[in-house]
Amino acid sequence: MALKCAMLVAGAVLLIGAISEYFVYGKTTWFSILLFPAVAGISSFVFVSFFIQQFIIAKIRLIYKTIRSLKKDSQDLNLNFSRDLLKEVNREVIDWADDQRKEIEVLKEKENFRREFIGNLAHEIKTPIFAIQGYILTLLEGGMNDPRINKKFLEKASRSTDRMVAMIEDLDSISQLESGKLKLYQEEFDVVALAQDIIDSLEMRAKEHNVTLKFNKKYDKPILVHADPNRISQVLSNLLVNSINYAKPEGGETEIRFFDIDEDILIEVADNGIGIDQKDIPRIFERFFRVDKHRSRHTGGSGLGLSICKHIINAHGYTMDVRSTKGIGTTFLFPLKKVG
Ligand SMILES: Nc1ncnc2c1ncn2[C@@H]1O[C@H](COP(=O)(O)OP(=O)(O)O)[C@@H](O)[C@H]1O
Ligand SMILES: [Mg+2]
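Residues numbered from 1 in each chain as written. Chains lettered and ligands numbered in written order. Predicted model: local features only at pLDDT ≥ 70, side-chain atom pairs only at ≥ 80, totals over all residues. Heavy atoms only, no water.

An unreviewed UniProt entry lists the chain under the name histidine kinase, with Luteibaculum oceani as the source organism. As stated in UniProt under Catalytic activity (unreviewed entry), the record for the chain gives "ATP + protein L-histidine = ADP + protein N-phospho-L-histidine." (UniProt positions renumbered as here; feature names shortened; annotations may be inferred.)

As C-alpha cells, this is what we get:
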C-alpha cells in the first residue's frame, strides 16, 4: 500500500517535471520525447490501478462486514489490512460456510428429534385413549347392565386415565426442568433416611418380582446432603422401580451405596438384573427411549423416568452416569453436595 502511494507520488512528480520543462523552455528534448509518454503511462496506470483497488476494497469490505455481522458472536467488523486482503476474506468466507454447515447439521438433528418426539408422544397417548374408548363403547352398547363387566371396565378405563395423567405430568416436569423453570427447594437432609423410606414404600412391589432392595452395608449415622429432597426422592424411586421392572425373571437384588468423595456424596443404585446392551446405553436418558418396547409397555413405563432423573441431577449441577453389562446388571450413579 505504502509502495503504491510512493509510486503514485513519484509518477506525479516526474510528470509535472516533464510538462513544466516543455512549457518553461518551449523546446522538446529527448527527455521530454521519451520520458513524458513513459511517465504519463506509468502514472495513469498507477493512478487507475489505485482507484480500482480502492473500489474493490470498498466492495470487499462490504461483503466482509456482511459476513461478520451474520456471525452471531462477531463484534469486530474491521478488516486487517496488514495481511493479504483476499486471503483474509477467503478465510472468513470458508469459516462462515463451515459454521453454516454445522448449524444446518444441528438443525437437521433437532428436526429429526422433534419428529421422533411427536411420533412417540402420539403413540404413547394413543394407547390409553384407544383403551378408554373401547371400554366406554362396550359399556354403552349394553355392558353397563352387565354386572360382570361394568365395574371392571370402569376401573380399567380409570387406570388408563391415570397412566395418561402420569405421562403428561412427567412430560410437564421434563419441559419445566429443561427450560429451567422448575425451582429446586434445596435443604439439608439425611439421604440414608430418604432412601430407607423409598425402600419401605416399594417393599410390596419388590416382593412381587422377588427382588430384594437393601443397602450395601449398615449406615448407622445419617449422611447429610444439600439438595431438593422431593426431587431426589423422585430420582431414587425411579431408579429402584426400574431395578424391579428390569430384574431377571427369577428375581434379584438391588443395592444402594453411599461413598464420601471430597465435597460430595456419591450415590449408587446397583442391580443384578437383565442389564443394558452397550449400543443402547447412550440413548437410555432420552425421552421415550426403551430398550425393549414390548416389555416396558407390559410393566407400564413410557420411557420418561430416566430422562426426568437426568434432568433433576443436572438441575443440581451434577450428571448421572450408568454402567451396565447385559445379563449381569446395571448401576446408576450420581453425586450430591455433602453437608459438613
Ligand atoms: N436397571 C435397569 N436395568 C436394565 N434396563 C434398564 C434399567 N433401567 C432402565 N433400563 C432401560 O432403560 C429404558 C428407559 O428407562 P426409563 O426412562 O425409566 O423408562 P421406562 O422404565 O418407562 O421404560 C427402559 O425401558 C429399559 O430398557
Ligand atoms: Mg422407568
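Trainee: I tried to follow helix α7 (residues 229–245) on my own but got confused; where do I start?
Mentor: It helps to recall that an α-helix has 3.6 residues per turn; residues three or four apart then point in one direction. For α7, with 17 residues, the first-to-last C-alpha span of 24 Å sits near the 24 Å given by 1.5 Å per residue. The buried fraction of α7 amounts to 12 of the 17 residues, a majority that puts the element mostly inside the structure. Taken together, the buried positions of α7 are occupied by P229, R231, I232, V235, L236, L239, L240, V241, N242, S243, I244 and N245. With a side-chain oxygen lying 3.1 Å from the backbone nitrogen of N230, the N-terminal cap of α7 falls on D228. (Helix = DSSP H or I, 4+ residues; strand = E, 2+ residues; numbered from the N terminus. Expected span 1.5 Å × (residues − 1). Buried < 20%, exposed > 50% of the residue type's maximum accessible area, 1.4 Å probe, protein only. Polar contact = N/O pair within 3.5 Å; in protein donor to acceptor, adjacent residues only side chain to side chain.)

Trainee: Any chance you could explain the pairing of strand β5 (residues 264–271) here in plain terms?
Mentor: Side chains on a regular strand alternate between the two faces of the sheet. Where burial is concerned, most of β5 is hidden: 8 out of the 8 residues are buried. Side-chain alternation along β5 places D264, L266, E268 and A270 on one buried face and I265, I267, V269 and D271 on a second face that is also buried. Pairing of strand β4 (residues 252–261) with β5, which is carried by 8 bridges, proceeds in the antiparallel orientation. Of the residues in β5, the one forming a bridge with I256 is V269. (Pairing = 2+ DSSP bridges.)

Trainee: Would you mind showing me how to read helix α5 (residues 191–201) here?
Mentor: Taken as a whole, α5 has its buried residues at V191, V192, L194, A195, I198 and I199. Seen along its axis, α5 keeps its buried residues to an arc of 160 degrees; they face one direction. Away from the buried face of α5 by more than 90 degrees, exposed residues D197 and S201 are located. The N-capping residue of α5, defined by a side-chain oxygen 3.0 Å from the backbone nitrogen of V192, is D190. (Arc of directions from axis to C-beta.)

Trainee: Help me understand the site of ligand 1 in this model?
Mentor: Close contacts around ligand 1 come from 18 residues, with N242, Y246, D271, G303 and L306 the closest. Within the side chain of Y246, an N or O atom sits 2.8 Å from an oxygen atom of ligand 1. Take G303: an N or O atom from its main chain is 2.8 Å from an oxygen atom of ligand 1. Bound to the protein, ligand 1 loses 96% of the 530 Å² it would expose on its own. Judged by its atoms lying within 2 Å of the grid points, ligand 1 is housed in the largest pocket. Among the secondary structure elements, those contributing two or more residues to the shell around ligand 1 are α9 (305–315) and β7 (329–338). (Near = heavy atom within 4 Å. Areas by Shrake-Rupley, 256 points an atom, 1.4 Å probe, with all protein chains shown as cover. 1 Å grid on protein atoms, 1.4 Å probe; cavity = no way out; pocket = protein on both sides within 12 Å on 5 of 7 lines; lining within 4 Å. Sits in = over half its atoms within 2 Å of the grid points.)

Trainee: Please clarify how the layout of surface pockets should be interpreted in this entry.
Mentor: Empty space left among the atoms is revealed by rolling a probe the size of a water molecule over them. Reported here for the largest pocket is a volume of approximately 970 Å³. Every residue lining the largest pocket is counted, 42 residues in all, and those nearest its centre are N242, N245, Y246, G301 and G305. Within the residue set of the lining of the largest pocket, elements represented by two or more residues are α4 (150–178), α5, α7, α8 (293–299), α9 and β7. Classifying every residue of the lining of the largest pocket by side-chain character gives 16 nonpolar, 17 polar and 9 charged. Counting contributing residues, the lining of the largest pocket receives three or more from each of domain 2 (120–178) and domain 3 (187–338). (Points joined across faces, edges and corners; volume = space filled by probe spheres on them. Nonpolar A, V, L, I, M, F, W, Y, C, P; charged D, E, K, R; others polar. Domains from an automatic or database assignment.)

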